[in-house]
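# Commentary on secondary and tertiary structure
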Amino acid sequence: MRGLQLLVDLVTSMDHQERLDQWLSDWFQRGDKNQDGKMTFQEVQRLLHLMNVEMDQEYAFSLFQEADTSQSGTLEGEEFVQFYKALTKRAEVQELFESFSADGQKLTLLEFLDFLREEQKERGCTSDLALELIDRYEPSDSGKLRHVLSMDGFLSYLCSKDGDIFNPACLPIYQDMTQPLNHYFICSSHNTYLVGDQLCGQSSVEGYIRALKRGCRCLEVDVWDGPNGEPVVYHGHTLTSRILFKDVVATVAQYAFQTSDYPVILSLETHCSWEQQQTMAQHLTEILGEQLLSTTLDGLLPNQLPSPEELRRKILVKGKKLTFEEDLEYEEEEPDPELEGEQESELALESQFEPEPQEQNLQSKDKKKVVTCPLFCPSICCQITAQATTISKPVSLLLSQQKPKLILCPALSSLVIYLKSVSFRSFTHSKEHYRFYEISSFSETKAKRLIKEAGNEFVQHNAWQLSRVYPSGLRTDSSNYNPQELWNAGCQMVAMNMQTAGLEMDICDGHFRQNGGCGYVLKPDFLRDVQSSFDPERPISPFKAQTLLIQVISGQQLPKVDKTREGSIVDPLVRVQIFGVRLDTARQETNYVDNNGFNPYWGQTLCFRVLVPELAMLRFVVMDYDWKSRNDFIGQYTLPCICMQQGEPAPVTPGQYSNSGCLPNAVLLVLPGYRHIHLLSKDGISLRPASIFVYICIREGLEEDES
């Protein structure tokens, strides 16, 4: 495992030229069938097919002869490199280079500076920055000394992180991390222990390792009674396998802060008996040790949730918190037919320990009297009260339809500090009865309905209280929903089935790629304001919409879809998608290019309208056109619109916000220029050197053909 990580680190640290040299060496080894260090034309033809290139045989042979300087009828190492360079000559980049170069051979310092300012929109670009880039990407020492950039150096710059579509300034932690937890989107996992489907899938600690390594900060743990007094984790009432709760806790302790120092939240769904809950509390306390947050910060009573910065390297427990009754006589409740599994269990515990205040007022004096255990009480308080209640009543009670009801163990309850789970009844009820440290969970169906019916109320609710959304119980195949719909309303914890690759996880990964991949992304101002008038279903802005223009120029070294068929060549097309508020969500695509996955050229411009760029995600997908069936996936890249490479943003003042909380359109997105997009696989693994080359700009107002 360590050796693999060292290899990954080595490849990551390589610059464009080093990766290209390594890539060429690998291909030469594959093409040299008899391993004699030379390649015949027949071997070159075979290699072209492997490289996803279909080329006229006469043209390929002429390039072969030009590269064969030794006239041996074969290509050796350096000759193969020259053959490759002739094969991959980028006409579109050459044309761009020559449009700024006076002699067509080099870019002087001033010419390169003009390119950076005019095309890349680096408004604050100085001669010092241009010199730094020349020194970084110009391969020849003489060019560096003369402060000029050759064609090879220019291409190296365009293929580098400085020419990438993702703004390097957004890669490290760049956001304010001192705001309350509820002001952030939090990377969250659903049924984290599963590595397969929801009915028969395998449960494994590997699910927690994978989630934590990709920056996930909220993990779900479903805990049930196990043999020998040890709680187990699995998807209850299914055929999924079981793992020990203590193994899950030990795994979290080991991997929690390898990717991010910011807090990890354990979302406990507890279905255990009193005794095994005590065992859970013991494991959490003993295994996590100082990592476990077991009291409020500084022991003070807070008036808002702490920040990610204040909770660095801490693990928080989310779960039910005890309230007690002197007389434990319960009336049966009718289950809410709209509630799904997780919400039902929350209501069961909630009704047991905390009847609604309205119901309490209607009760006569000789019935239940409620004694609430404070959220931040010491454990001894819970223990004393628990002893009193357990003496007078048995711990097992019945719900309607004779369902057993579990009593929450005080030792486990005392570990819930800032994240007390409560059932959601209505936004009005939450405002009147809930506090900032209480969190409600919603099924995706219920959350989407609330957004449609009361979008602005949901936004305001999420501005002061945390919300968690989980996939529908009907998603037994562990499929996912689109998290963007829930982020639009400010929902912080949108739990995903991270074991399932696809569009939805691409959006999730793209969203959390920013800010150091730390698992926390600061919500826009209008989603943090409790008085916000923003409604994701009806975003109103007095400003003109932006028009996003994307010219899809060309592709480079696209991988083959069917690697088992040596002669198959892809017919690539590019699909561009916007995900954001409903009015911004759209997709367009280019025409396909026949039989060319090596250097396809499209040269097509796609046009989009963007009303709320702060919430917009931009996704590029390369597909292999298939007229018989669905197009096949080749690669993708997804990123937030606000993280596109851009020049210096204009300063923002509070008065620039509209009533909807949106920024004026000229402020956020600036013309990004010529950029390479380095493609990722379905699983999010780099497909370098596969990329597409684009030109992007933003215009204020709508294009006539769009309007």
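Structure first, text after, so check above.
Structure report, in brief. (Residues numbered from 1 in each chain as written. Predicted model: local features only at pLDDT ≥ 70, side-chain atom pairs only at ≥ 80, totals over all residues. Heavy atoms only, no water.)

With that settled, consider the nonpolar core. Ranked by internal contacts, the top residues of the largest apolar core, which has 72 residues, are L219, V221, F245, V252, L284 and F458. Among the elements that take part in this core, helix 19 (residues 444-464) stands out by supplying six residues, more than any other. Looking at which domains feed residues into this core, each of domain 3 (181-321 + 407-527) and domain 4 (546-649 + 666-700) supplies at least three. Ignoring anything within four residues of it in the chain, the contact list for F458 reads F427, F442, A447, L450, I451, S467, A489 and C491. Counting residues in each nonpolar core, the second largest holds 34 residues, with I165, L558, V576 and V694 among its members. (Core = buried A, V, L, I, M, F, W, Y, C linked by side-chain atoms within 4.5 Å. Buried < 20%, exposed > 50% of the residue type's maximum accessible area, 1.4 Å probe, protein only. Helix = DSSP H or I, 4+ residues; strand = E, 2+ residues; numbered from the N terminus. Domains from an automatic or database assignment. Contact = heavy atoms within 4.5 Å.)

Looking now at the pairing of strand 23 (residues 632-640). Residues in a regular strand point their side chains to alternate faces of the sheet. Most of strand 23 is tucked away: seven of the nine residues are buried. Across eight bridges, strand 22 (residues 617-624) lies against strand 23 in antiparallel orientation. Across the sheet, the residue bridging to V621 is Q636, located in strand 23. (Pairing = 2+ DSSP bridges.)

As for its position among the elements, N596 is in the loop between strand 20 (586-589) and strand 21 (601-610). Here N599 takes part through its backbone nitrogen, which lies 2.9 Å from a polar atom of the side chain of N596. (Polar contact = N/O pair within 3.5 Å; in protein donor to acceptor, adjacent residues only side chain to side chain.)

Let us now look at the side chain of K318. On the secondary structure map, K318 appears in strand 8 (residues 315-319). Among the polar contacts made by the side chain of K318, one reaches the side chain of S267 at a distance of 3.2 Å.

As a further point, take the packing of aromatic side chains. Considering all chains together, one arrives at 25 aromatic pairs under this definition. Relative to F115, the ring of F112 lies with its centre 6.4 Å away and its plane at 10°, an arrangement referred to as stacked. Placement of both F112 and F115 in helix 7 (residues 109-118) is noted, with a separation of three residues, approximately one turn of the helix. Each member of the pair F112 and F115 is classed as buried. Judged by centre distance (4.5 Å) and plane angle (50°), the ring pair of Y674 and Y695 falls under tilted. Within this pair, whereas Y674 is found in strand 24 (residues 673-680), its partner Y695 is found in strand 25 (residues 686-700), the two being separated by 21 residues in sequence. Look at Y674 and you get buried, because its relative accessible area is 16%. Since its relative accessible area comes to 17%, Y695 is described here as buried. Clustering of aromatic rings is evident, with ring pairs tying together F97, F100, F112, F115, Y137, F154 and Y157. The side chain of R90 reaches across the aromatic face of F693, ending 5.2 Å from its centre. (Phe/Tyr/Trp six-rings, centres within 6.5 Å; stacked < 30°, edge-to-face > 60°. Lys NZ or Arg CZ within 6 Å of the ring centre and 35° of its normal.)

This structure, assessed with the given rule, holds 19 salt bridges. Across the salt bridge formed by D509 and R214, the nearest N and O atoms sit 2.7 Å from each other. In this pair, D509 sits in helix 21 (residues 503-512) while R214 sits in the loop between helix 11 (205-213) and strand 4 (218-224), placing the two residues 295 residues apart along the sequence. With relative accessibility at 32%, the residue R214 sits in the partly exposed group. Two residues, R468 and E220, come together in a salt bridge whose shortest N-O distance is 3.0 Å. One end of the pair, R468, is in strand 15 (residues 467-470); the other, E220, is in strand 4, and 248 residues separate them in sequence. (Salt bridge = Lys/Arg side-chain N within 4 Å of Asp/Glu carboxyl O.)

Attention now moves to the pairing of strand 8. Here strand 8 lies mainly inside the structure; five of its five residues are buried. Side chains of strand 8 alternate between two faces, with I315, V317 and G319 and L316 and K318 buried alike. Sheet topology note: the strand 7 (residues 264-271)/strand 8 ladder contains four bridges and is parallel. Across the sheet, the residue bridging to I265 is L316, located in strand 8. Taken together, strand 7, helix 13 (residues 274-288) and strand 8 form a β-α-β motif whose crossover is right-handed. (Right-handed = clockwise from strand over helix to strand, strands pointing away.)

Quick look at unusual backbone geometry now. The omega torsion across R688 and P689 is 10°, close enough to zero to call that bond cis. Within the element layout of this structure, P689 appears in strand 25. Even without being glycine, R313 reaches a positive phi, approximately 60°. Checked against the element boundaries, R313 lands in the loop between helix 13 and strand 8.

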